[in-house]
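The residues making up each chain are set out below.
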Amino acid sequence: MSDNNFYITTPIYYPSGKPHMGHAYSSIIADVFARFKKLEEFEVMFLTGTDEHGLKIQREAEKNSKNPKEFCDEISVKFKNLTKTLNLSNNDFIRTTEKRHYKAVNDIWERLIKSNDIYLSKYTGWYSVSDEAYYDDDEIETINNIKCAKSSGSKVEWVEEESFFFKLSSWQKKLLNFYNENPKFILPNSRRNEVIEFVKRGLKDLSVSRTSFTWGIPVPKNSKHVIYVWLDALTNYLSALNFPDVKDNKYTKFWPASLHVIGKDILRFHAIYWPAFLMAANIPCPKRVYGHGWILSDEKKMSKSRGNILDPIEIINKYGVDQLRYYLIKEVSLGNDGNVSLDSLKNCINNDLANNFGNLCQRVFSFVSKNCNSEIPPCNKFYKEDELILNNLIKKIPYLQNSMNNQDINIYIKEVINFSFDGNKYFNDLQPWALKKNNLERMNSVIYTILNQIRSISILLSPIIPQSSNKILNILNINDKDRTIKKILDIKFLKSGSKIKKTDILFKKVEDDN
Ligand code: MSP
């Protein structure tokens, strides 16, 4: 993969119920990184989709008296629609019931057979349908007479059936070496340590097929078995690049993936099973897996079974998509769990968007329309205060890039919103309305400077609040191709004399009873 391509993925979601805030969160995070790489002028492939096989889906379909495919068709479309509602920039949406995916999974299976990593035996042990995961005795506890997985709290059931196994045990050393040689493969570091500890304790071979139900991809040449849904699902990241055609342009450009964004609940699958499968199949491993924390509601993980779900669509309809995106990115610390609530959402919208950045744009644009004939004023030179604010932003660009490229998104957003505080302060301190009376030249350089500050902030915020940033950059007549990090460095980029467009309210303040 050349250095100028970036391939990013979200988990593919189970279409077992309608999408909730947790799903929206993973997708928004991935979208922010995808959009940021575009600002850095990378060619970006951004994939999301739905994970449609397995017992969880089969049972959910039965509960709804539907056949599984029909059931998935209905719910998958809701996830696809959510990509639009969230304003995601994904360029593909994969479903594991698609033909292209079957092809890829079959090929992986054949590779694992060929490399002698798969054998036939019998699985006897615990299985959680909700997690689609096998658990050992020491990973189980009994609560109210029900056996549950300790990590997720999901109910487990006893399984005894013929099964193909993947020789995961034989990959322990190679995995540890791989983590060692690629210290940023698993981020954040706390998760990396968890995984390494787990692998060091020893790995058992993994059951990779089931015989007690049929909703899955049949094992080649033994259709009594369906392939374990996680081996099936993980392969989606390759299917979307037209794998097994390894000469295909998409595959050569974008594999290995740059970043799999996932929730911490599915770290084991992505950071242990996935690289082991790939190494065994002789396919390069992805560069990075980032395991973000959970969105909590009332301090608990949001999930269908707990019934504490916040509906992203309702919130977007009421408060706006950028408002939700901004809130989730700003207020939840990416690597950790974070509680969300309507009150903190409203505070965040008011403090950061309406009163800070929105206010800055609004007052500057209205000043320009009243006092500068709606034109970007000329700027013969920058004064000391102008240089200070402009350089302060420029100087931080490498730091911001580094933060984003290490998924330190909270640092990034904090710095960027500070630029807006700086902007408001600069505008208050320099009082262009007073300069208008006796120093037009100075007034012009102040306005030019502050418009440039708004341009830079809008570009920097565009991965997080794309709709509003675009609106502002349109007001300033900035072409799409000029909305890049590189162009921020050009502080004389704005064209004096060019008209700025009319504005309506950018971020409405949320009232208490709203
Ligand atoms: N289908 C598997 C993933 C296969 S990827 C090859 C799956 N699907 S899921 O629908 O159950 O959840 C997918 C992801 O949604 C989680 O990993 C996580 O990223 C996100 N979230 C679901 N609930 C969440 C929260 N309450 N909080 C944050 N994200 C959570 O697992």
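All figures in this text were calculated on a predicted structure; none of them were measured in a lab.

Attention now goes to the site of the ligand. Around the ligand, 25 residues are found, and the nearest of them are Ile12, Ser26, Asp51, Gly263 and Ile295. A distance of 2.8 Å separates a nitrogen atom of the ligand from a polar backbone atom of Ile12. Note that an oxygen atom of the ligand is positioned 3.2 Å from one of the side-chain N or O atoms of Asp265. Protein chains shield 95% of the accessible area of the ligand, which is 660 Å² for the free molecule.

Between its terminal C-alpha atoms helix H4 (residues 99-114) stretches 23 Å, which fits the 22 Å expected from 16 residues at 1.5 Å a residue. Buried residues of H4: His101, Ala104, Val105, Ile108, Trp109 and Leu112, and no others. Axial view of H4: buried residues confined to an arc of 135°, hence all on one face. Of the residues in H4, the exposed ones pointing more than 90 degrees away from the buried face are Lys99, Lys103 and Lys114.

Strands sit in the order E3-E2-E1-E14-E15-E9 across an open sheet of six strands; the sheet is parallel. Each having just a single partner strand, strand E3 (92-95) and strand E9 (186-187) make up the two edges of the open sheet. As paired elements, E9 and strand E15 (residues 289-292) share two bridges and run parallel to each other. Note that in E15 the partner of Ile186 across the bridge is Val289.

Side chains of E15 alternate between two faces, with Val289 and Gly291 and Tyr290 and His292 buried alike. Pairing analysis gives four bridges linking strand E14 (residues 259-263) to E15, with the strands arranged parallel. In the strand pairing of E15, Ile262 is matched with Gly291.

Attention now goes to the nonpolar core. Ranked by internal contacts, the top residues of the largest apolar core, which has 92 residues, are Ile8 and Leu460. When we break this core down by domain, the ones giving at least three residues each are domain 1 (5-339) and domain 2 (342-488). Core analysis: the second largest hydrophobic core is formed by 85 residues, Phe178, Trp215, Phe243 and Ile266 among them.

Every buried residue of helix H11 (residues 312-319) is listed here: Pro312, Ile315, Ile316 and Tyr319. The arc that holds the buried residues of H11, viewed along the axis, is 100°, so those residues lie on one side. Facing away from the buried side of H11 by more than 90 degrees, the exposed set consists of Glu314, Asn317 and Lys318. Each element contacted by the buried residues of H11 is listed here: helix H1 (21-39), helix H3 (68-85), helix H12 (321-331) and helix H13 (342-371). By the N-cap criterion, in which a side-chain oxygen at the helix start approaches the backbone nitrogen of a residue two or three places on, H11 is capped by Asp311, the distance to Ile313 being 2.8 Å. Looking one or two places after H11, you find Gly320, whose phi comes out positive at around 110°.

Glancing now at the side chain of Glu132. Residue placement: Glu132 occurs in the loop between strand E4 (118-128) and strand E5 (133-135). Despite its burial, Glu132 pairs with no opposite charge, the nearest such side chain being Arg210 at 5.4 Å. Engagement of the side chain of Glu132 in a polar contact is seen with the backbone nitrogen of Lys56, the distance being 2.9 Å. Separated by 2.5 Å, the side chains of Glu132 and Tyr127 make a polar contact. Among residues more than four places away in sequence, those in contact with Glu132 are Tyr14, His53, Gly54, Leu55, Lys56, Tyr127, Tyr228, Val229, Trp230 and Phe269.

Right, let's talk about the sheet that holds E5 for a bit. Judged by pairing direction, the sheet is antiparallel, and its four strands sit side by side in the order E5-E4-E8-E10 without closing on themselves. Edge positions in the sheet fall to E5 and strand E10 (206-207), since each of these pairs with one other strand and no more. Bridge count between E4 and strand E8 (residues 157-166): ten bridges; the pairing is antiparallel. Residue pairing in the sheet places Ile118 in a bridge with Phe166 of E8.

On to the pattern of salt bridges, then. By the definition in use, this model includes 34 salt bridges. One salt bridge in this structure joins Lys66 and Glu74, with 3.2 Å as the shortest N-O distance. Since its relative accessible area comes to 27%, Lys66 is described here as partly exposed. Looking at Glu74, the relative accessible area reads 39%, which means it is partly exposed. Between Glu160 and Lys122 there is a salt bridge whose closest N-O contact spans 3.8 Å. With Glu160 in strand E8 and Lys122 in strand E4, the pair connects residues that are 38 residues apart, well separated along the chain. Assessed through its relative accessible area of 48%, Lys122 is described here as partly exposed. Counted as one network, the salt bridges with shared partners bring together Glu52, Lys69, Asp73 and Arg95.

Our focus in this paragraph is the packing of helix H5 (residues 172-181) against helix H6 (residues 189-200). Running from amino to carboxyl end, H5 crosses H6 at an angle of 155°, the nearest separation of the two axes being 10 Å. Considering the angle they form, H5 stands roughly antiparallel to H6. As for how H5 packs across H6, the hand of that crossing is left-handed. Facing Gln172, Leu175, Leu176 and Tyr179 of H5, the residues of H6 in contact are Arg192, Val195, Ile196, Val199 and Lys200.

This paragraph deals with the packing of H12 against helix H16 (residues 409-430). Across the interface, H12 lies against H16 with an axial gap of 8 Å and an inter-helix angle of 115°. For the element pair H12 / H16, the angle class is roughly perpendicular. Between H12 and H16, the residues in contact are Tyr326, Ile329 and Lys330 and Ile409, Asn410, Ile413 and Ile417, respectively. Grouping the constituent residues of the contact of H12 with H16 by class yields five nonpolar, one polar and one charged.

The rules behind each value
Residues numbered from 1 in each chain as written. Predicted model: local features only at pLDDT ≥ 70, side-chain atom pairs only at ≥ 80, totals over all residues. Heavy atoms only, no water. Near = heavy atom within 4 Å. Polar contact = N/O pair within 3.5 Å; in protein donor to acceptor, adjacent residues only side chain to side chain. Areas by Shrake-Rupley, 256 points an atom, 1.4 Å probe, with all protein chains shown as cover. Helix = DSSP H or I, 4+ residues; strand = E, 2+ residues; numbered from the N terminus. Expected span 1.5 Å × (residues − 1). Buried < 20%, exposed > 50% of the residue type's maximum accessible area, 1.4 Å probe, protein only. Arc of directions from axis to C-beta. Pairing = 2+ DSSP bridges. Core = buried A, V, L, I, M, F, W, Y, C linked by side-chain atoms within 4.5 Å. Domains from an automatic or database assignment. Contact = heavy atoms within 4.5 Å. Lys, Arg positive; Asp, Glu negative; His and termini not counted. Salt bridge = Lys/Arg side-chain N within 4 Å of Asp/Glu carboxyl O. Axes fitted to C-alpha atoms, helices over the stretch in contact; angles between N-to-C directions. Parallel < 35°, antiparallel > 145°, perpendicular 65-115°, else oblique. Left-handed = near helix turned anticlockwise from the far one by under 90°. Nonpolar A, V, L, I, M, F, W, Y, C, P; charged D, E, K, R; others polar.

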